[in-house]
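Below are the chains, spelled out letter by letter.
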Amino acid sequence: MQVNGQEMMFTSFGPHHDKLKSQLQWSSTDGSREYTLTDTRNTVQSKAELLKIAGSLTPQ
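Per chain, residues are indexed from 1 in the order of the written sequence. Residue-level local features of this predicted model are given only where pLDDT is at least 70; pairs of side-chain atoms are given and counted only at 80 or more, and the full residue set underlies all totals for whole chains, interfaces and linings. Water and hydrogen atoms play no part in the side-chain values, which are based on all heavy atoms of the structure.

Engineer: Would you mind showing me how to read the sheet that holds strand 2 (residues 6-12) here?
Structural biologist: Pairing between the strands of a sheet comes from backbone hydrogen bonds, and it takes one of two forms, parallel or antiparallel. Judged by pairing direction, the sheet is antiparallel, and its four strands sit side by side in the order 1-2-3-4 without closing on themselves. Looking at the sheet topology across the chains shown, the edges are occupied by strand 1 (2-3) and strand 4 (34-40). Whether two strands pair depends on DSSP finding at least two bridges between them. Comment: elements are numbered from the N terminus, with helices defined as DSSP H or I runs of at least four residues and strands as E runs of at least two. Pairing geometry for strand 3 (residues 20-27) and strand 4, over seven bridges, is antiparallel. In the strand pairing of strand 4, Gln23 is matched with Thr38. Any two residues having at least one pair of non-hydrogen atoms within 4.5 Å are treated as being in contact. Every axis in this analysis is a line fitted to C-alpha atoms, fitted for helices over the stretch in contact. Angles between the N-to-C directions lie between 0 and 180 degrees. Together, strand 1, strand 2, strand 3 and strand 4 form the strand contacts of helix 1 (residues 47-57), whose direction differs from that of strand 3 by roughly 25 degrees.

Engineer: Looking at this structure, I do not really get the confidence of the model for the protein. What am I missing?
Structural biologist: The predictor's confidence in any single residue is recorded as pLDDT, a number from 0 to 100. Considering every residue of the protein, the mean pLDDT works out to 89; 98% of them sit at 70 or more. Element-level pLDDT for the protein is lowest in strand 1, with a mean of 88, against a maximum mean of 93 in strand 3.

Engineer: Any chance you could explain the environment of Phe10 here in plain terms?
Structural biologist: If you trace the backbone, Phe10 turns up in strand 2. Between the C-alpha atom of Phe10 and that of Gln25, which follows or precedes it by 15 residues, the distance is 6.6 Å. The contact partners of Phe10, leaving out residues within four places of it in the chain, are Met1, Ser22, Gln23, Leu24, Lys47 and Leu50.

This is the structure we're talking about:
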């Protein structure tokens with residue numbers, strides 16, 4: 001998927017991954033940095049909310 005023209009990978013985890021619920025990963029535009037947002041079963045962010053957070057962290 002893309003956010004602000006930036007390619008991102010969204011992963012949804014099943015119950016066998018302990019507390020992990022979902023994860024959003026992407027690289028900086030120059031490829032020098034990797035970013036990860038992780039949602040656990042103890043948090044309430046939806047996929048849309050993670051995308052909104054990522055959008056606020058990437059250049060527009």
